[in-house]
Amino acid sequence: SRFSSGGDSALEERMRRQVANGLGGFPPIVGDPDVCAAELVKLSRAGFAGLALTLVHYTNELPLLIEAVLPRLARAGIRTPAGAARSARDKVPQ
């Protein structure tokens, strides 16, 4: 799996949950890209305008977040793709 470092998977899962709970109090968002995106959509619809994410294996998980989760958020209408956001900012009068 892209999320595995080759170590103890039970330990990694426990670390994910502890990090997620310790850094914000929300239940951890753990799962495949569809599950993670769905949870982030729920938070958005509950009124959250932003949040901070922590990844247990940053170098392994960040590409998956970018390639698989962020496009799902854009399709759900809660994230503007980076290029579009830059274009919109350029149109704001100074």
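This text gives an overview of the structure that appears in the document. Everything numeric here is computed off the predicted structure, so don't read it as measured data.

**Thoughts on the overall build of the protein**
Now for step 1: Along its length, the protein carries 4 helices and 0 strands.
Now for step 2: The order of α-helices and β-strands along the protein, N terminus first, is α-α-α-α.
Now for step 3: Across the 94 residues that make up the protein, the buried fraction comes to 17%.
Now for step 4: In the protein, once contacts between residues fewer than 6 apart in sequence are set aside, the share between residues at least 24 apart is 53%.

**Details of the nonpolar core**
Now for step 1: Counting 8 residues, the largest nonpolar core is built from Cys36, Ala37, Leu40, Val41, Leu43, Leu65, Val69 and Leu73.
Now for step 2: Elements represented by at least two residues in this core include exactly helix H2 (33-45) and helix H3 (58-75).
Now for step 3: The dominant element in this core, judged by the number of residues it contributes, is H2, at 5 residues.
Now for step 4: Once residues lying within four places of it in the same chain are set aside, the contact partners of Ala37 are Val69, Arg72 and Leu73.

**Side note on the environment of Ala37**
Now for step 1: Inspection of the secondary structure assignment puts Ala37 in helix H2.
Now for step 2: A sequence separation of 35 residues divides Ala37 from Arg72, and the C-alpha atoms of the two residues are 6.2 Å apart.

**Some remarks on the side chain of Glu61**
Now for step 1: Along the chain, the position of Glu61 falls in helix H3.
Now for step 2: A polar atom in the side chain of Glu61 sits 3.2 Å from the backbone nitrogen of Val56.

**Structural notes on H3**
Now for step 1: With 18 residues, H3 should cover 26 Å at 1.5 Å per step; its first-to-last C-alpha distance of 24 Å lies within 8% of that length.
Now for step 2: Helix geometry: H3 is bent most strongly at Leu65, by close to 40°.
Now for step 3: Those residues of H3 that fall on the buried side of the exposure criterion are Glu61, Leu64, Leu65, Ala68, Val69 and Leu73.
Now for step 4: Of the residues flanking the end of H3, it is Gly77, one or two places downstream, whose phi is positive at about 85°.

Conventions and cut-offs
- Residues numbered from 1 in each chain as written.
- Predicted model: local features only at pLDDT ≥ 70, side-chain atom pairs only at ≥ 80, totals over all residues.
- Heavy atoms only, no water.
- Helix = DSSP H or I, 4+ residues; strand = E, 2+ residues; numbered from the N terminus.
- Buried < 20%, exposed > 50% of the residue type's maximum accessible area, 1.4 Å probe, protein only.
- Contact = heavy atoms within 4.5 Å.
- Core = buried A, V, L, I, M, F, W, Y, C linked by side-chain atoms within 4.5 Å.
- Polar contact = N/O pair within 3.5 Å; in protein donor to acceptor, adjacent residues only side chain to side chain.
- Expected span 1.5 Å × (residues − 1).
- Bend = angle between axes of the 7 residues up to and from the residue.

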